[in-house]
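Each chain, letter by letter, is given below.
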Amino acid sequence: MSERFATRGFVGRRRTPARGQRVPPGQYLANDFPVLSAGPTPHTPLADWSFSVEGLLSKSVTWTWDEFKALPSREFVVDISCVTKWTKLDTRWQGVSVDTLLEHVELDRKAAFVIAFSDGGYTTNLPIADVVNDRAFVAFSYDGGPLPPEHGGPVRLVVPHLYFWKSAKWVRGLRIVERDQPGF
Amino acid sequence: MAALNWQIVTVTAVRDETPRVRTLSLLVPSWQSHRPGQHVDIRLTAEDGYQAQRSYSIASAPSDQPVIDLSIELIEDGEVSPFLHDEVVVGDRFEVRGPIGGYFVWDGAGTDPLLLVAGGSGIVPLMAMVRHRAQIGSSVPCTLLYSSRTPEDINYSDELQRLDAREDGLRVIHTLTRSQPQGWTGYSRRIDMRMIGEMLEGTGRMAQAFVCGPTPLVESVAESLVNIGLAPSQVRTERFGPTGA
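Per chain, residues are indexed from 1 in the order of the written sequence. Working convention: letters from A go to chains and numbers from 1 go to ligands, in the order in which they are written. Given that this is a predicted model, residues contribute local features only at a pLDDT of at least 70 and side-chain atom pairs are listed and counted only at 80 or more, while totals for whole chains, interfaces and linings are drawn from all residues. The basis for every side-chain value is the complete set of heavy atoms in the structure, and neither hydrogens nor water enter the calculation.

Take a side-chain nitrogen of Lys or Arg and a carboxyl oxygen of Asp or Glu: if they are within 4 Å of each other, that pair is a salt bridge. Within this structure, the stated rule accounts for 22 salt bridges over all chains. Among the ionic pairs, Glu 95 of chain B bridges to Arg 43 of chain B, the shortest N-O distance being 3.2 Å. With Glu 95 of chain B in strand S6 (residues 93-100) and Arg 43 of chain B in strand S3 (residues 39-45), this pair connects stretches of sequence that are 52 residues apart. For Asp 192 of chain B, the salt bridge is made with Arg 189 of chain B, and the minimal N-O distance between the two is 2.6 Å. Any residue under 20% of the maximum accessible area for its type is buried, any over 50% is exposed, and the rest in between are partly exposed; the area is computed with a 1.4 Å probe on protein chains only. The exposure class assigned to Asp 192 of chain B is partly exposed, which follows from its relative accessible area of 25%. Connected via shared salt-bridge partners are Arg 8 of chain A together with Glu 87 and Asp 92 of chain B. Helix numbers and strand numbers start at the N terminus; a helix is a DSSP run of H or I with at least 4 residues, a strand a run of E with at least 2.

Following this line, the structure appears as structure tokens:
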């Protein structure tokens, strides 16, 4: 009903064309980094921290913090978009590609989905196809420094091509499953 | 679902709360009653179809429906808040959908004491809870700890004073972090763990806490609450406004 409705006097601030093309329709450009979460931020000491890949595998694997940091990592420069309407361009991360993690395991042929599980009991579910082929990584650094806890540190999953709420904060592992299960 | 459909609302009143915060009262034609703490999305559309969308918390109690109040902080380099502050007058129309959100809400059920902690314009959703609590005659003990920079930055100042004076179990505690009036005897520092501990004296560890404000405040308050002994599930947070990375 409201397709043709206009608010008196509203013009809005148009994007410069170069950047505008990169911001999805309806998103606005954020220069800061909004935080979205519903409760206290978990703080797991790095000495107690580990990261696992488990589930439909021949054998699960767990890394300590030092082992995880020793995995091959690289820089990722990506645009991120949140379902709450902001988009941030050229965010710079250092992380381990999910492909690298999966090289350490042998997936069962029934494997179809991955559940990212986090400190605090949060889970996020994704089709495996969305996180392989270098389309997702586990980040431990943001903008040249350690990833701050309120942004998901020590590590978070980053899946740039999906809305940012799929980029699980405080992620502690990936569980490989056959069927989709609703996340938090 | 009405909540997910855009509907055209009409501005029925405009009121300045502080030099930087303006409240718009909106008549929403088919409003499904909200729960205190929820927000709405608003959408502005230019003549050529260009649109901007933002989320704002509802400040009013459900009993005021079909009118809802949104209190909007002016963000100087923003796109939407300067328009809502400088351009919008009574009678203007734009689109709203909601209410939205099911976690950061308190609707009067339960007997656990409430601890509400607000930083700046983070007061808005908590004000809806305080107003609702008064409307329904709840006697649930409630402490509102509200951090503002200066006395002029306190939203709903007179109303909070009146509600506090009812002595119905609501306690309003201010801290003024940047400047204080002559003779001020209250807190004049950022909220810290000692202050949070003092708020919880008497209510013990059973409190249900709602924390809303800028990210650094929310992080530090939520962490203090957990360190003092509240379970993470007793601490609900909502973050507002610009943040550092």
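Having seen the structure, we can now continue with the description.
To continue, consider the pairing of strand S6 (residues 113-118) of chain A. All names here are of chain A. For S6, the buried fraction is high: 5 of the 6 residues fall into the buried class. When DSSP finds at least two bridges between two strands, those strands are taken to pair. Judged from the 5 bridges that link them, S6 and strand S7 (residues 123-127) form a sheet pairing that is antiparallel. For Val 114, the partnering residue across the bridge sits in S7 and is Leu 126. Taken together, S6 and the strand that follows it, S7, pair antiparallel across an intervening segment of 4 residues, in which Gly 120 is found at a positive phi of about 90 degrees. Bridge count between S6 and strand S11 (residues 171-177): 6 bridges; the pairing is antiparallel.

What follows deals with the side chain of Asp 69 of chain B. Relative to the assigned elements, Asp 69 of chain B resides in strand S5 (residues 67-73). It only takes one pair of heavy atoms within 4.5 Å for two residues to be counted as in contact. Once you skip the residues sitting within four places of it in the chain, Asp 69 of chain B turns out to touch Arg 15, Thr 23, Leu 24, Ser 25, Ser 57, Ile 58, Ala 59 and Ser 60 of chain B.

Contacts between chain A and chain B engage 28 residues on the former and 40 residues on the latter. Buried area is a sum: the accessible area each of two parts loses on coming together, probed at 1.4 Å, counted once for each and added. Roughly 3000 Å² is buried in total at the junction of chain A and chain B, and carbon and sulfur atoms are behind 53% of that figure. Counting the contacts that link chain A with chain B gives 2 salt bridges. Between Arg 8 of chain A and Asp 92 of chain B there is a salt bridge, and its shortest N-O distance comes to 2.6 Å. What qualifies as a polar contact is a pair of N or O atoms within 3.5 Å, subject to a donor-acceptor requirement within protein and to the restriction that residues adjacent in sequence count only when both atoms come from side chains. Between the two partners, chain A and chain B, sit 7 residue pairs in polar contact (both at pLDDT 80 or more). Charged means Asp, Glu, Lys or Arg here, nonpolar means Ala, Val, Leu, Ile, Met, Phe, Trp, Tyr, Cys or Pro, and polar covers whatever is left, Gly included. Tallied by class, residues from the side of chain A that touches chain B come to 13 nonpolar, 9 polar and 6 charged.

Moving on, we get to helix H2 (residues 123-135) of chain B. Residues and elements named next belong to chain B. What a helix should span is 1.5 Å times the count of its residues minus one. Between its terminal C-alpha atoms H2 stretches 18 Å, which fits the 18 Å expected from 13 residues at 1.5 Å a residue. Among the 13 residues that make up H2, 12 are buried, leaving the element largely enclosed by the rest of the structure. Listed in full, the buried residues belonging to H2 are Ile 123, Val 124, Pro 125, Leu 126, Met 127, Ala 128, Met 129, Val 130, Arg 131, His 132, Arg 133 and Ala 134. In the segment just after H2, Gly 137 is the residue with positive phi, at about 65 degrees.

Moving on, we come to the nonpolar core. Phe 51, Val 53, Phe 68, Leu 101, Val 155 and Leu 157 of chain A are the most contacted members of the largest nonpolar core, which totals 31 residues. If you list the elements that add at least two residues to this core, you get strand S2 (50-55), strand S3 (61-64), helix H2 (65-69), helix H3 (98-102), S6, strand S8 (137-142) and S11 of chain A. Ignoring anything within four residues of it in the chain, the contact list for Phe 68 of chain A reads Trp 49, Phe 51, Trp 63, Val 96, Leu 101, Val 138, Phe 140 and Val 155 of chain A. Only buried Ala, Val, Leu, Ile, Met, Phe, Trp, Tyr and Cys residues count toward a nonpolar core, and they belong to the same one when joined by side-chain atoms within 4.5 Å. Counting residues in hydrophobic clusters, the runner-up holds 26 residues, among them Ala 59, Phe 104, Val 124 and Leu 160 of chain B.

This is a description of form; function is not addressed.
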